[in-house]
Number of protein chains: 2
Amino acid sequence: MSINTSLQTSLCKKCCMSGLCFNQADESILMPKVRSHKVFHKSDILFHAGQTFDAIYILRSGSAKSSVLANSGHEQINRFHYPGNLIGFDGFDNGTHAQTLKFLETSSVCRIALVELEKAVATSASIRLNLLKGMSHALNDEDKLLMSLNNMNSAQRLSSFLLDLSVRFEKRGLSSNVFDLSMTRVDIANYLGMAIETVSRLLTQLQNEQVIKVNKRRVSIVDFEKLNQYPLHEREPYFLTTTNVRQPNIMQANVA
Amino acid sequence: MSINTSLQTSLCKKCCMSGLCFNQADESILMPKVRSHKVFHKSDILFHAGQTFDAIYILRSGSAKSSVLANSGHEQINRFHYPGNLIGFDGFDNGTHAQTLKFLETSSVCRIALVELEKAVATSASIRLNLLKGMSHALNDEDKLLMSLNNMNSAQRLSSFLLDLSVRFEKRGLSSNVFDLSMTRVDIANYLGMAIETVSRLLTQLQNEQVIKVNKRRVSIVDFEKLNQYPLHEREPYFLTTTNVRQPNIMQANVA
DNA sequence: ATTCAATCTGGATCTATATCAATAGCTATT
DNA sequence: AATAGCTATTGATATAGATCCAGATTGAAT
């Protein structure tokens, strides 16, 4: 079997599950049948919550969001996915997907049927490890989100979000300071737990403060330093601000 | 090898990783050396964030909390652990633990060294599946928490928390309506993303409404129905309440 | 071109809940 | 049994950000 040097194959080699398709030693193709690439379009759904779990996927291009559904019917986005991300392992828990995965733009994925995965995992220690790594990474990512939701205000959450995206783009060899958001403001608000209006206001605020530039979905980070410090700005306790000195004795007197 | 019918062994048989220690067919002990039980006490730490990842654990008795640390130094609890829970797989991501695990009371764990785990996982399909299931379950659990943080108010979050505990106790064959919290109010507040004062106030409120009874750490669920409905009570939009009809014209007149 | 539906911004208002404060009970240590 | 240090409860107050509204802009479909 000869070495395929096409763009497709070079993408595959960077994949965290590349051990599925290549022999690490001689880079020859091991299991080409796993490479069943499928193309989806904006708003297409890869799997619904509740659907039978029969495969995991790797995002090759484009972007997607995964979300869970509350009893109330409200969607909660828990992750945005970019090329290289492992998707769909939420189904291991009980054999059906707990999440819904929806594409944000035209995208392609590599589907690995469970039977194939099981075979691969049974034979290859590196594939085993990569699978566990991918799941553990997702878990750690969610911990970070949890943390930011609980300990940061809206401005801090939004700036952290932008920085996170920047890092993820950079890791993929793209620009870290100019990028396009593939998600809507509604998605961002949902993910970060705030109202769209707040997202919008904060974006303009960051722009006014010369930290970023925003034009529709296009974001340019102008001042990384400031954006980085943003999440650190702790609000001063209000009782310490000069304009708001509390005078409890007087207040009590008024009440009496 | 004869069948050991001691309490210890019976506990082990219920374990999600029992395949590590028993042959499913004849229930004989396969790898007794994996069963290295260790006892810890309140506030003991099983592993710190940053520590080298060299084993995963199963909680046998007691309880624990896992948390991640923010740059600011603030702890964020992401999970409470009870017997049967798989612990420590956060380390797969990059070889060091991302979380810190602290015991809430005297507890014992079963330690499975990575080398042992790797051997077991290489040979047993059921152990592989159980490991993946455990991780996937943890992920889905965190999704639920994320959801409740973003879409529920404090009262709803607290009642969901109590119901979740109740279910977990019941699954372990314990009382679902009377149980002791092993965590402090501070821990609950941290986990649920609210102030301790709010936790305290809501607990007394729930008690006043005859939904639960609280005495220190002891919680009794009096009315499951009400507690269950609590998270569903949606606040009415304020513009619809009779006492708060907006009269924009008059307001504007006052300002002018 | 024109209509219709999203999507985005901005202003006004309200409220859930954090924060500050004070008190009291419980534990552990000496 | 005194001291110190957690833990929990309750009250008063401030405010961040949600909610409601409306106008502007964009984009798709006819």
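Residues numbered from 1 in each chain as written. Chains lettered and ligands numbered in written order. Predicted model: local features only at pLDDT ≥ 70, side-chain atom pairs only at ≥ 80, totals over all residues.

A few points about helix α4 (residues 154-171) of chain A
All names here are of chain A. Taking 1.5 Å per residue, 18 residues should reach 26 Å; α4 reaches 26 Å between its end C-alpha atoms and fits that length. Of all the positions in α4, only R157, L158, S159, S160, L162 and S166 are classed as buried. Considering only its buried residues, α4 is in contact with α3 (125-151), α5 (185-192), α6 (196-208), β10 (212-215), β11 (218-221) and α7 (224-229). Phi turns positive one or two residues past the end of α4, at G173, with a value near 85°. (Helix = DSSP H or I, 4+ residues; strand = E, 2+ residues; numbered from the N terminus. Expected span 1.5 Å × (residues − 1). Buried ≥ 20, exposed ≤ 12 C-beta atoms within 10 Å, placed from the backbone. Contact = placed C-beta atoms within 7 Å.)

Focus on the relation of the copies chain A and chain B
Overlaying chain A on chain B yields an RMSD of 0.1 Å, the required transformation being a rotation through 180° with an accompanying axial translation of 0.0 Å. Here the copies are linked by what is in effect a two-fold axis. A share of 94% of the interface residues of chain A reappears at the interface of chain B, consistent with the copies meeting face to face through the same patch. (Least-squares fit on C-alpha atoms with pLDDT ≥ 70 in both.)

Focus on the nonpolar core
One finds Y57 and I58 of chain A together with Y57, I58 and M135 of chain B to be the most contacted residues of the largest nonpolar core, which totals 57 residues. Residues in contact with Y57 of chain A, not counting those within four places in the same chain, are L46, I87, G88, V109, C110, R111 and I112 of chain A. (Core = buried A, V, L, I, M, F, W, Y, C linked by C-beta atoms within 7 Å.)

Considerations on the interface of chain A and chain B
The interface of chain A with chain B comprises 33 residues on the first partner and 31 residues on the second. The set of elements that each furnish at least two residues to the side of chain A that touches chain B consists of β5 (75-81), α2 (114-123) and α3 of chain A. The dominant element in the side of chain A that touches chain B, judged by the number of residues it contributes, is α3 of chain A, at 18 residues. Partitioning the side of chain A that touches chain B into residue classes produces 16 nonpolar, eleven polar and six charged. (Nonpolar A, V, L, I, M, F, W, Y, C, P; charged D, E, K, R; others polar.)

Description of the environment of D143 of chain A
Along the chain, D143 of chain A falls in helix α3. Each C-alpha atom of the pair D143 of chain A and H37 of chain A lies 31 Å from the other, and the pair is 106 residues apart in sequence. Ignoring anything within four residues of it in the chain, the contact list for D143 of chain A reads V68, N78 and A98 of chain B.

Structural notes on the packing of α3 of chain A against helix α3 (residues 125-151) of chain B
Taken N-terminus to C-terminus, the directions of α3 of chain A and α3 of chain B make an angle of 20°; their axes are 10 Å apart at the nearest point. It follows from the interaxial angle that α3 of chain A and α3 of chain B lie roughly parallel. Note that α3 of chain A runs across α3 of chain B; the crossing there is left-handed. Residues M135, A138, L139, E142, L145, L146, L149 and N150 of chain A of α3 of chain A lie in contact with α3 of chain B, whose contacting residues are M135, A138, L139, E142, L145, L146, L149 and N150 of chain B. A class-by-class count of the residues in the contact of α3 of chain A with α3 of chain B yields twelve nonpolar, two polar and two charged. (Axes fitted to C-alpha atoms, helices over the stretch in contact; angles between N-to-C directions. Parallel < 35°, antiparallel > 145°, perpendicular 65-115°, else oblique. Left-handed = near helix turned anticlockwise from the far one by under 90°.)

Quick look at the sheet that holds strand β8 (residues 107-113) of chain B
Residues and elements named next belong to chain B. Here we have four strands laid out as an open sheet, ordered β1-β8-β3-β6, and antiparallel in their pairing. Two strands in the sheet have a free side with no partner beyond their single neighbour: β1 (36-40) and β6 (86-87). Sheet strands touched by helix α2 (residues 114-123): β3 (55-61) and β8. Its angle to β8, the strand with the most contacts, is close to 65°. (Pairing = 2+ DSSP bridges.)

Structural notes on unusual backbone geometry
The phi torsion at Q210 of chain A lies on the positive side, around 60°, for a residue other than glycine. Along the polypeptide, Q210 of chain A turns up in the loop between α6 and β10.

Quick word on the sheet that holds strand β11 (residues 218-221) of chain B
Residue and element names in this part refer to chain B. Strand order in the open sheet made by the three strands is β9-β11-β10, with antiparallel pairing throughout. Across the chains shown, the open sheet's two edge strands, defined by having one partner strand only, are β9 (178-180) and β10 (212-215). Strand-to-strand twist in this sheet, taken as the mean axis angle between neighbours without regard to direction, amounts to 15°. Alignment of β9 against β11, held across three bridges, turns out to be antiparallel.

Concerning the confidence of the model for chain A
On average, chain A scores 81 in pLDDT, and the residues at 70 or more come to 77%. Here residues 234-256 of chain A is modelled with pLDDT under 50, and outside its nearest four sequence neighbours on either side it reaches four contacts, counting other chains as well. (pLDDT = per-residue confidence, 0-100.)

A look at the pairing of β3 of chain B
All names here are of chain B. The buried count for β3 comes to six of seven residues, which makes it a mostly enclosed element. Relative to β6, β3 runs antiparallel, the two sharing two bridges. Considered in β6, the bridge of I58 is made with L86.

Details of the pairing of β11 of chain A
All names here are of chain A. Side-chain alternation along β11 places V219 and I221 on a buried face and R218 and S220 on a face that remains uncovered. Alignment of β10 against β11, held across four bridges, turns out to be antiparallel. The residue bridging N215 from the neighbouring strand is R218, located in β11. Connecting the antiparallel pair β10 and β11 is a turn made up of two residues, with K216 showing a positive phi of about 55°.

Notes on the environment of S166 of chain B
All names here are of chain B. In this structure, S166 sits in helix α4 (residues 154-171). When the C-alpha atoms of S166 and A55 are compared, they prove to be 30 Å apart, with 111 residues separating the residues in sequence. Excluding anything up to four places from it in sequence, S166 contacts S176, N177 and I221.

A few points about the packing of α4 of chain B against helix α6 (residues 196-208) of chain B
To describe two helices that pack against each other, one gives the angle between their axes and the distance between the axes. Residue and element names in this part refer to chain B. For the pair α4 and α6, the least separation of the axes is 10 Å and the interaxial angle reads 70°. Accordingly, the angle class assigned to the pair α4 and α6 is roughly perpendicular. Residue-level inspection shows S154, A155 and L158 of α4 in contact with α6, the latter providing T198, V199 and L202. Residues of the contact of α4 with α6, tallied by class, amount to four nonpolar, two polar and no charged.

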